[in-house]
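# Examining the three-dimensional arrangement
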Amino acid sequence: MSSTDIMLIILIVISHMLIMILGVGLGYLIWGRQASTYEKPLSFLKSQGKEKKNNSIEIDDTKVVLSVSTDGYEKKYDNMTKETKVQNNIASSVNKLKSMKGK
Amino acid sequence: MIGLDVGTSFIIASSYDGDQIVFKDFRDAFYVIKPTTPIASKMVEKGLKGKIFIKDETGSFIILGKDAIEKAVERNETARRPMYRGVVSVKEKEARKVLAYILKEVVGKAKKKGDKLVFCVPAQPVDQEDDDFDVGYHEDVVKSILSEVGYDARSVNEAEALCYAELEDKDYTGIGISCGAGMTNVCVMLNGEPTVVFSTTKSGDWVDRMSAVATGEPDSVVQVEKEGGGFTVGEPNDNPVLSAVASYYDRLVEYTAKQLSAALAGHKALPKFKDPIRIVVAGGTSQADGYIAKLNQKLLESEFPLPIEVVKHAEDPLHSVSKGCLIAASILD
C-alpha cells in the first residue's frame, strides 16, 4: 500500500467522523431540547406497567348497598309489636324548635 | 309521619294517632332453628305455636323478638342480633335480611308514597377504629329498606333526637346521653343546634358479655337476669350473675364518665354555657337501679369540664329517642 493510499484512507475516516459529529450536533440543536421534555423510563423492565399516581382522581370505594329481599319469608304470627299509647305532648316542642330553626 | 329508633336491642316506632302518640316496640333479636327432617320440622312448628316466628325458603324457623331470647335461654344458647354495636353488621348477610324484615313489619307500608320518616343513627365512636363500624353504610342500608316500603327516610343523630325530646324547657340547651345496648351516644346541644356529638362502644351488651364470661353463663341468660332487676349498680349481690352485672355496671359508668370528660375537655366546638347545664339520660341500659346517681358521682370525680345543674333520667327512657325522631320528622314538614 502506497503512502497516498494511506493518506486517502485517513482522510476518508476523518471526513466520516466530522460528518457524524456535525450530524449529532445538528440533531441536538433541532431535537435535543424537545426530547428533554419527554419523561424517560427509568429502565425498560421497571417502567412496564408502573404508572405515575394521580392523586386528584379518586374512586368511590364506600360499600355498595344491595337490595335485601325478604320475599322468601313466610309469616307465622298475627301481631309482632307491643303498642303503647300516650297523650300527645310534643306539639309545643315542635313549634318551639320550628321557630328556633326559623321554619 | 313516623319516628324510628333503630337500636341494637329495641326497634321503636312512634307515630301520631289523633291526640295521642303510639309507640310500637320490638325486641331486636332472632334465633334460628334448622330442622333436619320433615317430621322434625312439623314438631318444631307445633312447639312454636303462639310465638313470633317466620319460616324461610330453606325450611328454617326464625324466631323473632322476645321469644327468640326465651328460646335461646331454654336451649342454653345466645340469641343473635341483626345489629352489632349500633350498626348493621357488614359481614352478617342473614342478620341484614332479618333486620329488613323487622323494620318493614314495625313501620308497615307508607300510607302514601314519600311519607316522612326520621330514624336515628349513632355517632362515630371515640374509642374504636374499626372497618366493621360504618355509620354511612348502616344509614344507607336502613334508608334503602325503608324506601322499599314507600318512605322518604332521613336520619338524625341518636343523642340529638334525645335532646329534642327532653330539653324543651331548657331552650334545647344541655347534654343528652343515650345509653343503648350496643353504644352510648352523646350530644351537646346549644339552642337546638348540636355542637358536639360522639359515641363510645361500651354499654349494656358489654356488661352482659363480661358478666357471662365471669359466670360461665350465656349472654342471653345474663341479659334476662339483668333485665329482671334486683340489683343496684356497684353494690354487692347474693346472686352471682347479678353480682357480676352490678360490678361491671359500675365499671361501665366510670368508663363512660371518663370518656365524656376526656372528649369534652378542651374540645374546640364546646360552647361556653352561661349557666350550669342539664344532662338528660335515656336508653335501656340507664334503667338499672342507681345508674343515674352513679353517673353523677363519676362525672364529678372525673372532673367533668362543665358545671352541672342536674343529671336527670328521661321521663320515658325507652321511648325518648323515638319521640325525638318523631319531633324531628314533624319539623321537616
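This report concerns the structure included in the present document.

Each value, and the rule that gives it
Residues numbered from 1 in each chain as written. Chains lettered and ligands numbered in written order. Predicted model: local features only at pLDDT ≥ 70, side-chain atom pairs only at ≥ 80, totals over all residues. Heavy atoms only, no water. Patch = residues over 30% accessible without salt bridge, like charges linked within 9 Å, V, L, I, M, F, W, Y side chains within 5 Å. Areas by Shrake-Rupley, 256 points an atom, 1.4 Å probe, with all protein chains shown as cover. Salt bridge = Lys/Arg side-chain N within 4 Å of Asp/Glu carboxyl O. Helix = DSSP H or I, 4+ residues; strand = E, 2+ residues; numbered from the N terminus. Pairing = 2+ DSSP bridges. Axes fitted to C-alpha atoms, helices over the stretch in contact; angles between N-to-C directions. Contact = heavy atoms within 4.5 Å. Expected span 1.5 Å × (residues − 1). Polar contact = N/O pair within 3.5 Å; in protein donor to acceptor, adjacent residues only side chain to side chain. Phe/Tyr/Trp six-rings, centres within 6.5 Å; stacked < 30°, edge-to-face > 60°. Buried < 20%, exposed > 50% of the residue type's maximum accessible area, 1.4 Å probe, protein only. Core = buried A, V, L, I, M, F, W, Y, C linked by side-chain atoms within 4.5 Å. Nonpolar A, V, L, I, M, F, W, Y, C, P; charged D, E, K, R; others polar.

Together, M1, I6, I9, I10, V13, I14, M17, L18 and I21 of chain A make up an exposed nonpolar region whose accessible area comes to about 910 Å². Note that I9 of chain A resides in helix α1 (residues 3-35).

The sheet built from six strands is open, its strands ordered β2(A)-β3(B)-β2(B)-β1(B)-β9(B)-β10(B) with mixed pairing. Each of the sheet's edge strands pairs with one partner strand only, and the pair in question is β2 (82-87) of chain A together with β10 (151-157) of chain B. Across this sheet, the average inter-strand angle for adjacent strands is 20°, counted without regard to direction. Two elements, strand β1 (residues 2-6) of chain B and strand β9 (residues 115-121) of chain B, share three bridges in a ladder whose sense is parallel. Residue pairing for β9 of chain B: L4 of chain B is matched across the bridge by F119 of chain B. Strands β1, β2 (10-17), β3 (20-27), β9 and β10 of chain B of the sheet are contacted by helix α3 (residues 93-107) of chain B, whose axis makes an angle of about 20° with β2 of chain B.

Residues and elements named next belong to chain B. Along the chain, the position of D5 falls in strand β1. Sequence separation between D5 and G324 is 319 residues, and the spatial gap between their C-alpha atoms is 9.0 Å. Contacts of D5, omitting those with residues within four sequence positions, involve F10, I11, I12, C120, L318, V321 and S322.

Attention now goes to helix α4 (residues 135-148) of chain B. All names here are of chain B. Taking 1.5 Å of rise per residue, 14 residues should cover 20 Å, and α4 covers 20 Å from first to last C-alpha, within 8% of that figure. Those residues of α4 that are buried lie in contact with β1, β7 (83-84), β8 (87-88), α3, β9 and β10. In this structure D134 caps α4, since a side-chain oxygen of it lies 3.3 Å from the backbone nitrogen of G136. Positioned one or two residues after α4, G150 has a phi angle of 95°, which is positive.

Residue and element names in this part refer to chain B. Summed over all chains, the structure comprises six aromatic pairs over all chains. When the centroid spacing of 6.5 Å and the interplanar angle of 70° are considered together, the rings of Y164 and Y172 count as edge-to-face. As far as burial versus exposure is concerned, Y164 and Y172 are alike and both buried. Through a chain of ring-to-ring contacts, the aromatic side chains of F231, Y249 and Y291 assemble into a single cluster.

Right, let's get into the pairing of strand β15 (residues 308-313) of chain B. Alignment of strand β14 (residues 277-282) of chain B against β15 of chain B, held across five bridges, turns out to be parallel. Residue I277 of chain B lies in a different strand from β15 of chain B, and its bridge partner there is I308 of chain B.

Time to look at the side chain of R96 of chain B. Residue and element names in this part refer to chain B. Its place among the elements puts R96 in helix α3. R96 gets classed as buried once you look at its relative accessible area, which sits at 13%. Within the local environment of R96, its side chain forms a polar contact with the side chain of Y137, the two groups lying 3.4 Å apart.

Turning next to the nonpolar core. All names here are of chain B. Core analysis: the largest hydrophobic core is formed by 43 residues, its most contacted members being L4, L64, L117, F119 and L146. It is α3 that contributes the most residues to this core, nine residues altogether. Apart from the residues within four sequence positions on either side, L117 is in contact with I2, L4, V107, L146, Y151, D152, A153 and R154. V186, F198, A257 and L299 belong to the second largest nonpolar core, which has 38 residues in total.

Tallied over the full model, the rule gives 23 salt bridges over all chains. Between K170 of chain B and E309 of chain B there is a salt bridge; the shortest N-O distance is 3.0 Å. Here E309 of chain B lies in strand β15 and K170 of chain B lies in the loop between α5 (158-166) and β11 (174-179), a separation of 139 residues in the sequence. Owing to a relative accessible area of 28%, K170 of chain B belongs among the partly exposed residues under this scheme. Each of the salt bridges in this network shares a partner with another, and the network as a whole consists of E74 and K76 of chain A together with E45 and K55 of chain B.

Before going further, it helps to spend a moment on the interface of chain A and chain B. Counting from both sides, the interface comprises 34 residues of chain A and, opposite them, 54 residues of chain B. Where chain A packs against chain B, one counts four salt bridges. Between E105 of chain B and K75 of chain A there is a salt bridge, and its shortest N-O distance comes to 3.6 Å. One can count 17 residue pairs in polar contact (both at pLDDT 80 or more) joining chain A with chain B. At the level of elements, β1 (74-75), β2 and α3 (91-100) of chain A are the ones that each hand at least two residues to the side of chain A that touches chain B. Across the side of chain A that touches chain B, the residue classes break down as eleven nonpolar, twelve polar and eleven charged. Relative to strand β5 (residues 53-55) of chain B, β1 of chain A is paired through two bridges, and the arrangement is antiparallel. Bridging from a neighbouring strand, E74 of chain A pairs with K55 of chain B of β5 of chain B.

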